[in-house]
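# A look at the structure
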Amino acid sequence: MTSADIRKVSILGRDSIHCGFHLIPYIVRTVLDTLPSSTYVLFTDTNVGNLHLPLFESEFDAGIDALKSQIRPRFITYVIPPGETSKSRECKAEIEDFLLLNKCTRDTVLLAVGGGVIGDLIGFVAATFMRGVRFVQIPTTLLAMVDSSVGGKTAIDTPHGKNLIGAFWQPEYIFIDAAFLETLPAREFSNGMAEVIKTAAIWNEDEFSALESRFSEIFAAIQTPSKDYSGRTQGTRSSAQELLLSVIVGSISVKAHIVTIDERETGLRNLVNFGHTIGHAIEAVLTPTILHGECVSIGMILEAEVARSLGALSQVGVGRLTRCLKAYNLPVSLSDPKIANLPAARSLTVERLLDIMKVDKKNSGPQKKIVILSRIGATYEQKATVVADTVISRTLSEAVKIIPGIPSKSPIHMATPGSKSISNRALLLAALGKGTCRLKNLLHSDDTQVMMNALMELKGAKFSWEDGGETLVVEGGSGTLSVPAKGKEIYLGNAGTAARFLTTVCTLVQSSETDERTVITGNARMKQRPIGPLVDALRENGSSVNYLESQGCLPLSIAPAGLRGSTIKLAASVSSQYVSSILLCAPYAQEQVTLELVGGQVISQPYIDMTIAMMKTFGITVIRQTDSETQKPLDAYMIPKGHYVNPTDYHIESDASSATYPLAIAAITGTEVTIANIGSGSLQGDARFAKEVLEPMGCEVIQTETETTVRGPPIGTLKALGHVDMEPMTDAFLTASVLAAVAVSPPLPGRELSDAKHITTTRIVGIANQRVKECNRIRAMIDQLAKFGVETRELEDGLEVYGKDMRELKEGASVHCYDDHRVAMAFSVLGAVVKETVLEEKRCVEKTWPNWWDDLENKIGLRIEGVELAEVSVVASPSGGEAPQALASVVIIGMRGSGKTFIGELAASVLEWSFVDADVAFEAKHKIGVREFVHQHDWPAFRTAETEILGELLATYPVGHIISLGGGIVETPAARELLKTYAKKGPVVHIVREIDEVVKYLGEETARPAYGELVIDVFRRREPWFKECCNYEFVNYTGVLTGSVTSPDSVRREVTRFFGHISGKQPNLVPNLANGQRSYFLSLTYPDITPALPYMEELTTGADAIELRVDLLRSPYARQLYTFPPPSGRLGVEYIDLEISWPKNQLENLVTRKGFSQIIASWHDWSGSLQWTSKQAEDLYRSARDIGDIVKIVGKANRLEDNLELYEFVSRMSASPNAKPIIAINMGLEGQMSRILNKTLSPITHPLLPSKAAPGQLSFTQIQTALHLIGQLPAKNFYLFGTPIAQSMSPTLHNTAFQTLGLPHKYDLLETTAVGDEIKAVISSPNFGGASVTIPFKLDIIPLLDSLSPHAKAIGAVNTIIPQKMLDGTVVLYGDNTDWLGIRNCILSRLPSSTRNPAAGLVIGAGGTSRAAIYALKSLGVRIVYLYNRTRASAETLVSAFPDVDIRIVEELGSWTIAPSVVVSTVPASATTTEASATGALYISEAIFAKQSEGVVVDMAYRPAVTPLLGLADATAKGWKTVRGLDVLLEQGYVQFNLWTGRQCPRRAVAEVVEKAYAKN
Ligand SMILES: NC(=O)c1ccc[n+]([C@@H]2O[C@H](COP(=O)([O-])OP(=O)(O)OC[C@H]3O[C@@H](n4cnc5c(N)ncnc54)[C@H](O)[C@@H]3O)[C@@H](O)[C@H]2O)c1
């Protein structure tokens, strides 16, 4: 048998850890030889088993065969499902039963082959089976190899938490076979690397340096499968394998050492918990989505930051740790998109994390303990250190607050981090130079790291760290460079400077024998950034540079042919980095280089000068050529051939832009700050800030060649600057702006502005480029300064700031930082003097000054506190918009001819608001019409005037108005801005109408000036502007769809819904939600819903809402309507269903723009693994609750019990604090029960639909039937009280409706002579569902009722009784009146669209029903009600009953002030006549209709169908619509039904049956 080379590690005094490659034969042999037993049981999980079990089996078989002993031992295997859920009591019990069943005895040896799950579980089984049996760990994940298998900790999980039950039980052997890692998924490998890095970080800097610099080799060792068991023996082991093994062995050795000293974790062993205090808390929230090592990785960074803020660890340490973890693809912050986008991440509040940390095993009492690093490779104490909650909370918080005060460390002497530009140049120069150079103050950033890695790959230099990483020692390679190892590409991430510099560096590589080329590549973004001009120049010079993907971008393949040199022509108008790249490499060209810059204006000359200056320090003097005549410098440089000679030390200049912040703090607080490393000799433009900005503001500035000291004037006396051109130091303008904000003294003489708005004006110019930096910095300063109450003005190339007494600045500003380090640091300066200033995104400083907040506290002496931004305020961040203002006026825009006036007036009428037409306002102001105005002046003048009017209207009518604007209002940017600003708080509605119709309509209209161009062209131009300015769209489809959709009634209904909703006057939300009743929505999740439109009524039976999947809609009509994601329900949709797994920013964006719509925050568990009993489900609920108004969680049922668990979950969540309505269902057939039990907005289907939107979906009727059968919907009895009622249509009406909806109720007649015992008995029965009351009991019933609706009170009659269940379970009887609504609705749906509010109405008769009629007319806005009755006395009673209605009794029909357009007769048909001469009946004449060509006439009498009044109308009033008593009965019945059941009555089905029955009788 082949032998294996093993490296052994000792633990607890025994060499029991054996490490190597391809060890299975070795393991089996060792186990059989040294652990004799009657039974060997191998445990693994299915993943590992499928890959590796066969070899174990064959080896054991062979090994057992070869045993000499007489009794053959047994070899048994047991495979469990993979994953954490197997680490359970249940699984342990199953295994124990298996062992017992197989008669395993105390001599049994258990082998755990797998990851930590198998190791922990089997270890614990071994610890307790027969009071402990021997076991062997054969870890197959890296985590298990370096961590869980070593140390003897074994455990299982319980629902109360992980690893809560277990034992210390040491394995006999731990076999580390690194070849297992070849099959391990990459993410699992990285997961283990977190532990490896952790161990090196606390213990061994050398180990850490190896991990830091050799990550690509380490990955290579597991990525390429080893053939023929290579690695098993030393001779066949590759160097990558050797490295991997030594990394693993190194890590294990540290752990083994610590365990040996402190087996039971009392002190030293705590150290291995570095990163775990915070990491575990994160894991508790994010598990199982995020792996243990990933959480620990973030935990390490946060704990390192804690160490940094305590002053124990320098930023160098934090930076190294961060980059190292990143190199192994581990997350390093909670804002990593992989984490931030998880729904559960929203539960990662500081409070929650601190709470979880309370129960850490390391804590002493309430005090939390964290392992504090003092540098890479060492800890502050030999155990975890107690850390105050405030420190942890500050580190965890996303935002900070500065406590204003005088910096306690003044006079301050400090350095700022190294400049990035100088760091990159210095690295390259030292690497190309001869000799050793110690670089100090190097900036630790991604860019510099990438540069170092690349130079190492090119074997151009050697790097090592000194002083705990403060100094980088570079051993220069004198320009000798080689092609990287075969197949190795140089990966540059998104490091722009490195990519540009290295492109030329790669041409310097000397020829290799193998003909290999150097390949440099980067991430996706890098592959888009330009490199073309540089490549062109190099190619023209003879270098062979090929693009491997896109032309002009990385990746590049470069031949190792050296740089030829001589004249190189370069286009330098895009980037000065191309110039620096060639300059830096030029000395190593074969011929002396003359670099000529061509192609227009050279960009960023200061950076070219910086390169040349630094080259000089390294011994090469570049000569810039001059014009021989004018002596002016030319864009041509001569670079002598030669070698850089490395200075022994090179001190990298501090970043001059960064230096402006501490200096500004000195200025604003009247204290003193000295910045080392930046002085008059500085290479950076921003070094001039002290002299050119701070000095004229009144500061004392002393600048030596290498140092700058600033002493501020007495606090509150800074001088404004007047005019200042900051072109040479653009980045520093933000610092200048915040100082200018509190500069209250006038500028120095000579600096004043003649045209200044205020004496304290600072006008900063020359900074236009700052609009395209990390954010639009000019805008950012203006917006954020405004939060402090500071006024500013934007200029074309800068801004003006008007200084204000700092005591008058607004406190408590929450500064949005736009992820821009400079914004955050600049506003920190203001935070030093203005109370409660919050900087919202503290981490954005990481780009250039990662420890800014710590330095502010530790080096400057200002106290910093962590601030947890409330989730809501994050969601409603200032960039998002403000909450909608209820009842804000609605602005209407749209093409001329789109129906703005029509829709606007209708909206005004339904909202009972005033309508304002901008054209009318224009005429009123200018005394001439629009057409005339344009004629007299011109279009631009008109547009200006129009914009002015817009401003005036918005200011004059902020609430309660509909403001309709001219079609061209969007033509000017100023007006568009006004509209867009308004849309942040109020609705701007774009009326959309098909352009063909608009064209047709405009052909007939002449009131406005003609377009002078094609309407279609105007349409195309304005359409995008309308869209840009509006926040809602109302689609005015006038002729497109079927008649029913465009009937005046449907338009009115839609206008009522839409404007009621968006204005907030009557948000159209599902009432059953509020009542805690059951509610349903119909899933119309089809690409085309047009075929469904005619059946809408049937389809929506029982439904409270309809769900449209806008992402699915396919028809062109639909596409025109919707974009996806829906722009915050532009169409006024009531509920918006958002997946909480969407990117956070998208969610926030939508949530802030939801207006009066509600958000359903939903989570679909597509994996089907969500357990309703799990913490994950609770976390999901909480995340969704924080975003939405309604929570929706969809899981999948595999068994009936899953539905019971769901039910229990919903009950629990609904009882929790801040509960929100929850939609919770299980998908699949097994989940049907959950659809029945769900209360809130259950999705339903309908038999008429072609297919179900989801498997398991039920119809409304099915659900009701099921609910009834399981006792959740008891049958109720309903009645009609009255006499005579035998002919009543009400039973037909209601019973049809019950049946259609699948409700188990019944409606009967109860005819009695009086309201007596019979009625009293039914209304007090527990089965009483409700009753209709008719003549003659509408008044008599009132004393039996507990309360009345306001309508019933006003009318003085009750026709509906509703038993209402109170919270305490008692039932009260509520009386309402739906007669008036029946009348009102019948009139409203027949009113001509031109009649928005009928001015006058006529009521015939003065009996009980006429009260409802008058009340209905009043509700329609009718101003004059004529009352026509035979007896005047009863008419007068009515007049006094409605004191607020203008009721005029008429003796004779036709004598009106305003002719009525609505007529309601309430007298029996038999009591009316159309014969003038007839007596005993009320005379009805044509005079009723004579003066109005259109109107609605209602006859409340049921029979005959055509009463004398309706007959007269049919015969003489063609434009009048008639309403039969039966129509009113139906209409009031629908309302009644709704009041009883909470459901919409199925109108069409009911009407059909009732009409038939009526016709029969
Ligand atoms: N006892 C301790 O001191 C200690 C320390 C740290 C972690 N733990 C425990 O360890 C567990 C996590 O261990 P883990 O990360 O190894 O998880 P794991 O055991 O679940 O393994 C991770 C995944 O990788 C698969 N896998 C394992 N080896 C493989 C291979 N060679 N090729 C292909 N697939 C392979 C597994 O089937 C599984 O799907 C947790 O339960 C944790 O509590 C214990």
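Quick caveat: nothing in here was measured; it's all calculated off a predicted structure.

## Digging into the site of the ligand
If you check the shell around the ligand, you find 25 residues, and the closest are Asp45, Lys87, Gly116, Thr140 and Thr141. Asp45 places a side-chain nitrogen or oxygen 2.6 Å from an oxygen atom of the ligand. With respect to the ligand, the backbone of Gly116 contributes an N or O atom lying 2.7 Å from an oxygen atom. About the coverage of the ligand: the protein hides 89% of its 860 Å² of free accessible area. Mapped by element, the contributors of at least two residues to the shell around the ligand are helix H2 (46-66), helix H4 (116-128), helix H5 (142-148), strand E8 (161-168) and helix H6 (186-203). Class assignment for the residues of the shell around the ligand results in 8 nonpolar, 9 polar and 8 charged.

## Observations regarding the packing of helix H1 (residues 24-34) against H2
Direction vectors running N to C along H1 and H2 enclose 40°, while the axes themselves pass 9 Å from each other. If you check the angle between H1 and H2, you find them oblique. At the point where H1 passes H2, the crossing takes the right-handed sense. Side by side, H1 and H2 meet where Ile24, Pro25, Val28, Val31 and Leu32 of the first sit next to His52, Leu55, Phe56, Glu59, Phe60, Gly63 and Ile64 of the second. Partitioned by chemical class, the residues of the contact of H1 with H2 number 9 nonpolar, 2 polar and 1 charged.

## Details of unusual backbone geometry
With an omega of -5°, the peptide bond between Ser410 and Pro411 qualifies as cis. Within the fold, Pro411 resides in the loop between strand E14 (399-403) and strand E15 (412-414). A cis amide bond links Arg1503 to the next residue, Pro1504, at an omega of -10°. With respect to the helices and strands, Pro1504 occurs in the loop between strand E62 (1495-1499) and helix H53 (1508-1516).

## Some remarks on the pairing of strand E56 (residues 1400-1404)
Across the 5 residues that make up E56, a large majority, 5, are buried. Residues Ala1400, Leu1402 and Ile1404 of E56 are buried on one face, and the alternating residues Gly1401 and Val1403, pointing to the opposite face, are buried as well. Of the pairings in the sheet, the one linking E56 to strand E57 (residues 1424-1428) comprises 5 bridges and is parallel in character. Of the residues in E57, the one forming a bridge with Ala1400 is Ile1424. Sheet topology places E56 next to strand E59 (residues 1462-1465); 4 bridges connect them, and they run parallel. Bridge assignment links Gly1401 to a residue of E59, and that residue is Val1462.

## Let's talk about the side chain of Thr708
Counting through the fold element by element, Thr708 comes out in strand E30 (residues 707-711). Accessibility expressed as a relative area gives 1% for Thr708, which makes it buried. Of note is the side chain of Thr708, whose polar atom sits 2.7 Å from the backbone oxygen of Ile678. What Thr708 contacts, discounting residues up to four positions off in sequence, is Leu663, Val673, Thr674, Ile675, Ile678, Gly679, Ala690, Ile702 and Gln703.

## Considerations on the UniProt feature "domain: 3-dehydroquinate synthase N-terminal" (unreviewed entry) in the protein
Here the UniProt feature "domain: 3-dehydroquinate synthase N-terminal" (unreviewed entry) sits at residues 78-190. Helix makes up 34% of residues 78-190 and strand 30%. Its end C-alpha atoms lie 28 Å apart.

## Some remarks on empty space enclosed by the protein
As enumerated under the stated definition, the model contains 6 cavities of 30 Å³ or more in all. The calculated volume of the largest cavity comes to roughly 160 Å³. Lining the largest cavity are 13 residues, and of these Arg308, Thr395, Lys842, Trp853 and Asp854 sit closest to its centre. It is helix H11 (residues 292-309) that contributes the most residues to the lining of the largest cavity, 3 residues altogether. Grouping the constituent residues of the lining of the largest cavity by class yields 4 nonpolar, 2 polar and 7 charged.

What counts, and at which threshold
Residues numbered from 1 in each chain as written. Predicted model: local features only at pLDDT ≥ 70, side-chain atom pairs only at ≥ 80, totals over all residues. Heavy atoms only, no water. Near = heavy atom within 4 Å. Polar contact = N/O pair within 3.5 Å; in protein donor to acceptor, adjacent residues only side chain to side chain. Areas by Shrake-Rupley, 256 points an atom, 1.4 Å probe, with all protein chains shown as cover. Helix = DSSP H or I, 4+ residues; strand = E, 2+ residues; numbered from the N terminus. Nonpolar A, V, L, I, M, F, W, Y, C, P; charged D, E, K, R; others polar. Axes fitted to C-alpha atoms, helices over the stretch in contact; angles between N-to-C directions. Parallel < 35°, antiparallel > 145°, perpendicular 65-115°, else oblique. Left-handed = near helix turned anticlockwise from the far one by under 90°. Contact = heavy atoms within 4.5 Å. Buried < 20%, exposed > 50% of the residue type's maximum accessible area, 1.4 Å probe, protein only. Pairing = 2+ DSSP bridges. UniProt positions renumbered as here; feature names shortened; annotations may be inferred. 1 Å grid on protein atoms, 1.4 Å probe; cavity = no way out; pocket = protein on both sides within 12 Å on 5 of 7 lines; lining within 4 Å. Points joined across faces, edges and corners; volume = space filled by probe spheres on them.

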